[in-house]
Every structure is written in structure tokens, then in C-alpha cells.
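Coordinates in review
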Amino acid sequence: DRASAGRLELLPVDRKRLKPDDVRLANLLEKLGAALLKADKPVDAEPYLRECLTLCEKLQPRTSLLADTQSLLGESLVRQKKFAE
């Protein structure tokens, strides 16, 4: 999928531009994870969603971004048949 490929290519640039504890980085990681899930790549989406979840829990523990990320990560894990996680 072109959208996920484009976001994936820009991630190194965004990591240099943004601080590691910037909520905008969490937003980008969530969008990348969602795009990868849409492209039927749950294995690829999982690490980005886990990183986003870690950032969200630290920076904004009570936001819709946290809830959305938890949902997307759950979807990724179910599609990989990682039911225990």
C-alpha cells in the first residue's frame, strides 16, 4: 500500500525532527500502524503500535489516542493469532 510505504519512508526523518517524547511522534506511529493494518500487514504494524502505546501511556494516559492505539494493537495481535497477548 502506497500510504503505508510513504509513512514508513518518512519515519526516520520524523524521528530526527521530533523529540522522542513528542506526542506528534505517537500520532505518526499510530497512523503508520493503522496504514499497515489496512494493507494487511499486522506483523509489521505491531512494533509501531507498541511504541506508540508506550509513548501514550507516558505522555497522555487518558486520551483517545491511547484508546485507538490499544484497539489497533489488539487487532494486530488477533490477526496474528496471538490471543494470549
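Residues numbered from 1 in each chain as written. Predicted model: local features only at pLDDT ≥ 70, side-chain atom pairs only at ≥ 80, totals over all residues. Heavy atoms only, no water.

**Structural notes on the packing of helix α3 (residues 42-59) against helix α4 (residues 64-79)**
The contact between α3 and α4 brings their axes to 9 Å, and the two run at 150 degrees. Taken together, the axes of α3 and α4 lie roughly antiparallel to each other. Judged by the sense of rotation from one axis to the other, the crossing of α3 with α4 is left-handed. For the pair α3 and α4, contact is made by P42, E46, L49, R50, C52, L53, C56 and E57 and by L65, L66, T69, Q70, L72, L73, S76, L77 and R79, respectively. Here the residues of the contact of α3 with α4 sort into 10 nonpolar, three polar and four charged. (Axes fitted to C-alpha atoms, helices over the stretch in contact; angles between N-to-C directions. Helix = DSSP H or I, 4+ residues; strand = E, 2+ residues; numbered from the N terminus. Parallel < 35°, antiparallel > 145°, perpendicular 65-115°, else oblique. Left-handed = near helix turned anticlockwise from the far one by under 90°. Contact = heavy atoms within 4.5 Å. Nonpolar A, V, L, I, M, F, W, Y, C, P; charged D, E, K, R; others polar.)

**Some points on the side chain of S76**
With respect to the helices, strands and loops of the structure, S76 is situated in helix α4. For S76, a relative accessible area of 0% corresponds to the buried category. (Buried < 20%, exposed > 50% of the residue type's maximum accessible area, 1.4 Å probe, protein only.)

**Things to note about the packing of helix α2 (residues 23-38) against α3**
One way to put it is that α2 packs onto α3 with a least axis distance of 8 Å and a crossing angle of 155 degrees. Taken together, the axes of α2 and α3 lie roughly antiparallel to each other. Every pair of crossing elements has a handedness; the one defined by α2 and α3 is left-handed. Where α2 abuts α3, its residues V23, L25, A26, L29, E30, L32, G33, L36 and L37 lie against P42, D44, A45, Y48, L49, E51, C52, L55, C56 and L59. For the contact of α2 with α3, the per-class residue count stands at 15 nonpolar, one polar and three charged.

**A closer look at unusual backbone geometry**
With a phi angle near 60 degrees, D40 is a residue other than glycine that sits in the positive phi range. Its location among the elements puts D40 in the loop between α2 and α3. Judged by relative accessible area, D40 falls into the exposed class, the value being 55%.

**Some points on the pattern of salt bridges**
By the definition in use, this model includes eight salt bridges. For the salt bridge of E46 with K82, the shortest nitrogen-to-oxygen distance reads 2.9 Å. Note that E46 is positioned in helix α3 and K82 in the segment after α4, a separation of 36 residues in sequence. Residue K82 is classed as partly exposed on the basis of its relative accessible area of 30%. When salt bridges with common partners are traced through the structure, they connect E46, R50, K82 and E85 into a single cluster. (Salt bridge = Lys/Arg side-chain N within 4 Å of Asp/Glu carboxyl O.)

**Describing the environment of L77**
Residue placement: L77 occurs in helix α4. Take L77: its relative accessible area is 7%, and that puts it in the buried class. With 31 residues separating them along the chain, L77 and E46 place their C-alpha atoms 7.4 Å apart.

On their own, these measurements won't tell you what the molecule is for.
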